Amino acid sequence: MRAEKKSETVLDYEERGQVTVANDSEALADMAATLIAKTAVHAKDESRVAYVALSGGSTPKRMGQLLASAPFASEVHWDRLVFFWGDERWVPLSSPESNAGEAKRTFLDLVPVPAGQVHPFDTSLDNPAAAASNMADLIRETVPGSPVPRFDLILLGMGDDGHTASLFPGTEAIQEQESLVIAHYIEKLDAERLTFTPALINAAKHVVFLVGGAGKAATLHHVLDGGIDVDRLPSQVIRPVDGTLTWMVDRAAAAELERNDLDD
Ligand code: 6PG
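Scoring rules and cut-offs
- Residues numbered from 1 in each chain as written.
- Predicted model: local features only at pLDDT ≥ 70, side-chain atom pairs only at ≥ 80, totals over all residues.
- Heavy atoms only, no water.
- Buried < 20%, exposed > 50% of the residue type's maximum accessible area, 1.4 Å probe, protein only.
- Helix = DSSP H or I, 4+ residues; strand = E, 2+ residues; numbered from the N terminus.
- Contact = heavy atoms within 4.5 Å.
- Pairing = 2+ DSSP bridges.
- Right-handed = clockwise from strand over helix to strand, strands pointing away.
- 1 Å grid on protein atoms, 1.4 Å probe; cavity = no way out; pocket = protein on both sides within 12 Å on 5 of 7 lines; lining within 4 Å.
- Points joined across faces, edges and corners; volume = space filled by probe spheres on them.
- Nonpolar A, V, L, I, M, F, W, Y, C, P; charged D, E, K, R; others polar.

Trainee: Looking at this structure, I do not really get helix H7 (residues 217-225). What am I missing?
Mentor: Helical geometry: 3.6 residues make up each α-helical turn, so side chains three or four residues apart lie on a common side. For H7, a buried count of seven out of nine residues is recorded, marking the element as mostly surrounded by other parts of the structure. Every buried residue of H7 is listed here: Ala217, Thr219, Leu220, His221, Val223, Leu224 and Asp225. Here the buried face of H7 lies against strand S2 (18-22), strand S10 (244-250) and helix H8 (251-254).

See the structure below:
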């Protein structure tokens, strides 16, 4: 969307994805906002809407702030985008902990996306399992694709421990192949989480990890350069079946990658 050319480097990690390295966290957030804008353009060109799942985390937050400001706010084809979240905490939408609540307050309530095209988990239901099954039903009714609904774009973050969405190390959810969405209790957080499963995420057309900051460098190196151990590093379970996998990272996060020969 912006006129100036941004310098970025692409590292080919073959089946583990294409890694696009942005100069800094601001360039990374801009890259993510531009991706959302392009996803809408592509859907408009094909006279359809695009189904997008957002994630929680710091880079999506900055992405949202950019999307709520010029030029994105007025130029994005908001009516072409339908929003979901890949994971959620068991808190009300009004909580600062709510991924959907944060995205609504940061940008979705400030731009002209039709209200009927924003689908947070319903955390006002009786329990997390009910919210997960309600979301799975909504996705089956709304998002095209069979046997598994196929999102156009799923944005993910990666935690320092290698988790993604709310697929945490050592949890059964990592191996889930039947359900699209599950609720589970995460012992180390002492909290309930709702999450898309690998089966749903891996059916998407495009899955994009947004990873920024020096604190992620060692884990990113293990996930991309190391052996596969999905129970320890759940981000490694993300392998789109018939789609593309992209890692959008900043130089600080890319610093330990073996295929990265950028100067620091
Ligand atoms: C959540 C997220 C989670 C997040 C990562 C990375 O709700 O906690 O969905 O998976 O994306 O922990 O978060 P940061 O980008 O803030 O490091």
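Trainee: Before we go on, may I ask you to explain the pairing of S10 in this structure?
Mentor: Across a regular strand the side chains alternate sides, sitting on one face of the sheet and then on the other. When you tally the buried positions in S10, you get six out of seven residues, the bulk of the element. In terms of strand pairing, S2 meets S10 through five bridges, oriented parallel. Bridge assignment links Val19 to a residue of S10, and that residue is Trp247. Pairing analysis gives six bridges linking strand S9 (residues 206-211) to S10, with the strands arranged parallel. Residue pairing across strands places His206 opposite Thr244, the latter belonging to S10. Remark: the S9/H7/S10 crossover connection has right-handed handedness.

Trainee: What should I look at first to understand empty space enclosed by the protein in this one?
Mentor: One simple way to see leftover space: roll a probe sized like a water molecule over the atoms. Tallied over the full model, the rule gives one cavity of 30 Å³ or more. There is about 50 Å³ of room inside the largest cavity. Lining the largest cavity are Arg16, Val223, Leu224, Ile228, Ser235, Gln236, Ile238, Arg239, Leu245 and Trp247. At the level of secondary structure, the elements contributing two or more residues to the lining of the largest cavity comprise H7 and S10. Residues belonging to the lining of the largest cavity are distributed by class as follows: six nonpolar, two polar and two charged.

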